Amino acid sequence: MICAGNQPYFIPYIGYWQLINSADVFEISDDYAYINKGWVSKNRILVNGKATDYRIEVSHASSLKLINELILCDFSVQKKLKTLEYSYSKAPYFDDGFKVMQDIFSYDDRNLADFLTNSIYRVCDYLDINTNIVKSSSFEGNSKYKREYRIYDMCERLGADTYYNAIGGQALYSYEDFRKHGIKLGFIKTGDIEYKQFKNEFVPNLSIIDVIMFNPKEEIKKMLDNYTILEENNNEYKNL
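Heads up: these notes are all about the structure in this document.

**As for the overall build of the protein**
In step 1: Helices and strands together make up the secondary structure of the protein, namely eight helices and 11 strands.
In step 2: Here the C-alpha radius of gyration of the protein, 18 Å, is about what a compact globule of 240 residues would show, namely 18 Å.
In step 3: If one aligns the C-alpha atoms of the protein with their principal axes, the spans along those axes are about 50 × 40 × 25 Å.
In step 4: When each of the 240 residues of the protein is scored for burial, the buried share is 51%.
In step 5: Partitioning the intrachain contacts of the protein with sequence separation of at least 6 by distance along the chain shows that 64% fall at a separation of at least 24.
In step 6: Carbon together with sulfur atoms contributes 46% to the accessible area of the protein, which is approximately 12,100 Å² in total.

This is the structure we're talking about:
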């Protein structure tokens, strides 16, 4: 069984969805420390041809609190959607992307972790990603461990023998340490993905909403498979 995991991010880039789609179980790290100025509460969209922050505001945000302990500030759904309408109303699949974001912003629960988890479900529904999703907070006693030992514990409970992480995790985790715990470690490396964004020069690594606005679902599904997996001894193989 393949397990993957990451913190809940706000409408993240396509690599995040590749990670979810690659696994049998995806673990949302909701009881991890909130990172100020990180990707939990913001992402980037295209505004006038440039990458621009698009965020949700967090009340009393602090790295001393866990993600699931934080609450969103009150916000105007209309204003959030108006920004997207201004930026993408002429995009070929605007209606699809706008509907996804309407569903996300209409969620009433303002707990940050719950709001983000719901947004992940909504995008997965749109992209037909059927990976089983769990929260780290649902594993009683898991939070007593530190760093990768939380992953070892989670994989053992799930019966997972393989763990995939985003490419940025290479600096955090050791192939050898995972192997000693009976787990094969791999990192998802997104392939070259480019698509037409109006008549602008392509701006990469924007939110998945940008991808949805400009591409049919069938093409996005192909993008979800456009990655390689980096394994121990620098082995790299194309996703099949």
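Structure shown, so let's carry the discussion forward.
**A look at the layout of surface pockets**
In step 1: If you add up the space inside the largest pocket, you get close to 890 Å³.
In step 2: Forming the walls of the largest pocket are 35 residues, and the residues nearest its centre are Asn-6, Gln-7, Tyr-9, Ile-35 and Leu-172.
In step 3: Where the lining of the largest pocket is concerned, the elements lending two or more residues are strand S1 (2–6), helix H1 (14–22), strand S3 (42–47), helix H5 (148–158) and strand S8 (162–166).
In step 4: Each residue belonging to the lining of the largest pocket can be placed in one class, and the counts come to 16 nonpolar, 12 polar and seven charged.
In step 5: Quantified by volume, the second largest pocket comes out at close to 210 Å³.
In step 6: As for the second largest pocket, its lining consists of 14 residues, and the residues nearest its centre are Ile-14, Thr-190, Ile-193, Pro-204 and Asn-205.

**Some points on the nonpolar core**
In step 1: In this structure, Trp-17, Met-101 and Leu-112 are the most contacted members of the largest nonpolar core, which totals 63 residues.
In step 2: In terms of residues, this core owes the most to one element, helix H4 (residues 112–127), which gives nine residues.
In step 3: With sequence-adjacent residues up to four places away left out, Met-101 is seen in contact with Phe-10, Ile-11, Tyr-54, Leu-81, Leu-84 and Ile-209.

Thresholds applied
- Residues numbered from 1 in each chain as written.
- Predicted model: local features only at pLDDT ≥ 70, side-chain atom pairs only at ≥ 80, totals over all residues.
- Heavy atoms only, no water.
- Helix = DSSP H or I, 4+ residues; strand = E, 2+ residues; numbered from the N terminus.
- Rg over C-alpha atoms; globule rule 2.2 N^0.38 Å.
- Buried < 20%, exposed > 50% of the residue type's maximum accessible area, 1.4 Å probe, protein only.
- Contact = heavy atoms within 4.5 Å.
- Areas by Shrake-Rupley, 256 points an atom, 1.4 Å probe, with all protein chains shown as cover.
- 1 Å grid on protein atoms, 1.4 Å probe; cavity = no way out; pocket = protein on both sides within 12 Å on 5 of 7 lines; lining within 4 Å.
- Points joined across faces, edges and corners; volume = space filled by probe spheres on them.
- Nonpolar A, V, L, I, M, F, W, Y, C, P; charged D, E, K, R; others polar.
- Core = buried A, V, L, I, M, F, W, Y, C linked by side-chain atoms within 4.5 Å.

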